[in-house]
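Geometric and topological summary
The chain contents come next:
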Amino acid sequence: MSSTAGGNDAALKATVEAKDSLFVDATATSGTHESVSEYYGQTLSTSDDLKTNACCTGSSMPRHIKSAISKIHPTVIAKYYGCGLCVPDLLDGTTVLDLGCGAGRDVYIASQLVGPNGKVIGVDMTPEQLDVAKETQPYHADKFGFANTEFHLGKIEELDQIESLEDNSVDVIVSNCVINLCPDKEAVLKSCYRLLKPGGELYFSDVYSNRRVPESLRKDKVLWGECLSGALYWNDFQNLAKRCGFADPRLVEDAPITIENDDVQATIDKAGQGNLDFYSATYRLFKLDDLEPHCEDYGQAVIYKGTIPRHPSGWSLDDHHYIEAGKVFPVCGNTWNMLAQTRFSEHFDFIGNFDTHYGIFDGCGTSIPYQSATTGVSSKGGSAGGGGGCC
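Chains are numbered independently. Their residues run from 1 in the order of the written sequence. At least 70 in pLDDT is required for a residue's local features to be given in this predicted model, at least 80 for side-chain atom pairs to be given and counted, and no such filter applies to totals for whole chains, interfaces and linings, which use all residues. Neither water nor hydrogens contribute to the side-chain values; these are computed over all heavy atoms in the structure.

Helical segments are the DSSP runs of H or I of at least four residues, strand segments are the runs of E of at least two, and each set is numbered from the N terminus. Check the secondary structure of the protein and you find 14 helices and 15 strands. Classification of residues uses two cut-offs on accessible area relative to the type maximum, computed with a 1.4 Å probe and protein chains only: under 20% is buried, over 50% is exposed, and between them is partly exposed. Here the protein holds 391 residues, and the buried ones make up 53% of them.

See below:
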């Protein structure tokens, strides 16, 4: 082999390793899992102990969610550390998997929404949190009038070690400010794709950044526990999702994260990262084979029937698809498939087909997707607001 060829091979290997390192954090060898488990199981007693609003839900909740929360055990509520409201529509009768379920708040919300014919599975690696979830199962079964929950101790990067989780068996996977805490994010997303049924979705809230978080901050245990050090740069997340099979990640809503602790802010400033910004955002990722890398125009449209519960006037697929009832709404091919090949199909009429391609769909951009990055305020509550959210 020539020295030139050897050099090319070495360069290619270095490029691949660098790309992989974006999604597998080296701090895992320093006990990241143990640090996170200790932080949430022992350091934090309640959500009042958090140092930022990254793991807090600040937006107002829909009435049916408030009603569901009112039936949940107070200890479960006190030990909630999520960054959003991961409750998509149309869950009745579905199987839902909650990754990083903690003490079980979102599991017990979803339990009420899937009803007696559905099932909710919670997975968490922190024994202290999971003990609370399991100990209150009888309380919630009595409160709801049915028992449809199960909990498993384990890391969400190692879902294949939970024997009861079978491929293509889950309708909806939710996760609330947890994936950023995992050193191997690619393993998590690949497992999600494997476990979802065709047409199923991963609907989750998490923390993202406007640039890659430097290694010096990724090693900080407090910043890891506060959901900041493990935040993915938004464009790396987009690429990772596509790499794992989710061809068209859809942003539901977002909001800026404020750091309300002088010591945490000083740590970031000392690292020379004063312009490092963080956002909480909710995404939905569909498992659909027919999705394309970009939004392509086939001259298609849909008409929303107004039949999704609690949304008679209009319904949001994501932050730029608020579809009014009864109105012809032009869509790209991907949006068409997200509605036609999922649990939402019966609530829409579909116009057109894929026979003729008219080029890229107008408005398909590649800049930072968070409205809050330019406005400085949450994208919640607007006409394009979606069905879930982050604070």
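From this point, the discussion proceeds with the structure in view.
Look at Asn168: it is not a glycine, yet its phi comes out positive at around 55°. Within the secondary structure, Asn168 is located in the loop between strand 4 (149-153) and strand 5 (170-176). Take Asn168: its relative accessible area is 42%, and that puts it in the partly exposed class. For Cys177, which is not a glycine, the phi torsion comes out positive at approximately 60°. As for its placement among the helices and strands, Cys177 is situated in the loop between strand 5 and helix 8 (185-195). When its relative accessible area of 2% is taken as the criterion, Cys177 is described as buried.

This part takes up the packing of aromatic side chains. For this analysis, a ring pair means two rings from Phe, Tyr or Trp (six-membered ring only for Trp) whose centres lie within 6.5 Å, classed as stacked if their planes differ by under 30 degrees, edge-to-face if by over 60, and tilted for the remaining angles. All told, the structure shown has 18 aromatic pairs when counted by the stated rule. Any Lys NZ or Arg CZ found within 6 Å of a ring centre and within 35 degrees of that ring's normal is scored as a charge over the ring. Seen from the ring of Tyr80, Arg105 lies directly overhead, with NZ or CZ sitting 3.6 Å from the centre. When the ring centre of Tyr193 is taken as reference, the NZ or CZ atom of Lys287 above it lies at 5.0 Å.

Moving on to the sheet that holds strand 10 (residues 300-304). Pairing between strands is defined by DSSP: at least two bridges between the two strands are required. Read across the sheet, 3 strands follow the order 13-10-14 without closing on themselves; strand pairing throughout is antiparallel. Every interior strand has two partners, whereas the edge strands, strand 13 (328-331) and strand 14 (348-351), have only one. Sheet twist, expressed as the average angle between the axes of neighbouring strands with direction ignored, equals 30°. Pairing analysis gives 4 bridges linking strand 10 to strand 14, with the strands arranged antiparallel. If you follow Val302 over to strand 14, its bridge partner there is Phe350. Only the contacting stretch of a helix is used when fitting its axis, a line to C-alpha atoms as for every element, and angles between N-to-C directions run 0 to 180 degrees.

With a 1 Å grid spanning the protein atoms alone, the term cavity applies to any set of points in which a 1.4 Å probe fits but cannot get out, the term pocket to an open set with protein on both sides within 12 Å along at least five of seven lines, and the term lining residue to any residue with an atom within 4 Å of a point. Grid points are joined across faces, edges and corners, and a volume is the space filled by probe spheres set on the points. Taken as a whole, this structure holds 3 cavities of 30 Å³ or more when the rule is applied. The computed volume of the second largest cavity comes to approximately 60 Å³. In this structure, the second largest cavity is lined by Ile179, Asn180, Lys185, Leu189, Phe204, Asp206, Val207, Tyr208, Leu232 and Phe237. Every element with two or more residues in the lining of the second largest cavity is listed here: helix 8 and strand 6 (196-209). When the residues that make up the lining of the second largest cavity are grouped by side-chain class, the tally is 7 nonpolar, 1 polar and 2 charged. Residues were grouped as follows: Ala, Val, Leu, Ile, Met, Phe, Trp, Tyr, Cys and Pro as nonpolar; Asp, Glu, Lys and Arg as charged; and all remaining residues, including Gly, as polar.

Moving on, we get to the nonpolar core. Only buried residues count toward a nonpolar core. Its members are Ala, Val, Leu, Ile, Met, Phe, Trp, Tyr and Cys residues joined through side-chain atoms within 4.5 Å. In terms of nonpolar packing, the biggest core is built from 35 residues, with Leu97, Ile156, Ile173, Phe237 and Tyr283 touching the most fellow members. Looking at this core, the elements with two or more residues in it are strand 2 (95-99), strand 3 (119-124), strand 5, helix 8, strand 6, helix 11 (234-243) and strand 9 (278-286). Ranked by residues supplied to this core, first place goes to helix 8 with 5 residues. In what follows, a contact means two residues having at least one pair of non-hydrogen atoms within 4.5 Å. Other than its neighbours up to four places away in sequence, Ile156 contacts Leu99, Gly100, Val123, Val178, Ile179, Cys182 and Val188. The next biggest cluster of nonpolar side chains, apart from the first, holds 28 residues, and it includes Met61, Cys101, Val107 and Leu130.

Whenever a carboxyl oxygen of Asp or Glu lies within 4 Å of a side-chain nitrogen of Lys or Arg, that contact is scored as a salt bridge. In the structure shown here, the tally under the stated rule is 12 salt bridges. The residue Asp171 makes a salt bridge to Lys197 at a minimum N-O spacing of 3.2 Å. One end of the pair, Asp171, is in strand 5; the other, Lys197, is in strand 6, and 26 residues separate them in sequence. Exposure remark for Asp171: the relative accessible area of 18% places this residue in the buried category. One salt bridge connects Glu201 with Arg284, and the closest N-O pair in it is separated by 2.8 Å. Of this pair, Glu201 sits in strand 6 while Arg284 sits in strand 9, and the two are 83 residues apart along the sequence.

Locating Gln273 in the fold gives a position in the loop between helix 12 (262-270) and strand 9. Since its relative accessible area comes to 16%, Gln273 is described here as buried. Here Gln273 is in contact with Arg211, Pro214, Leu217 and Ile268, once residues within four sequence places are set aside.

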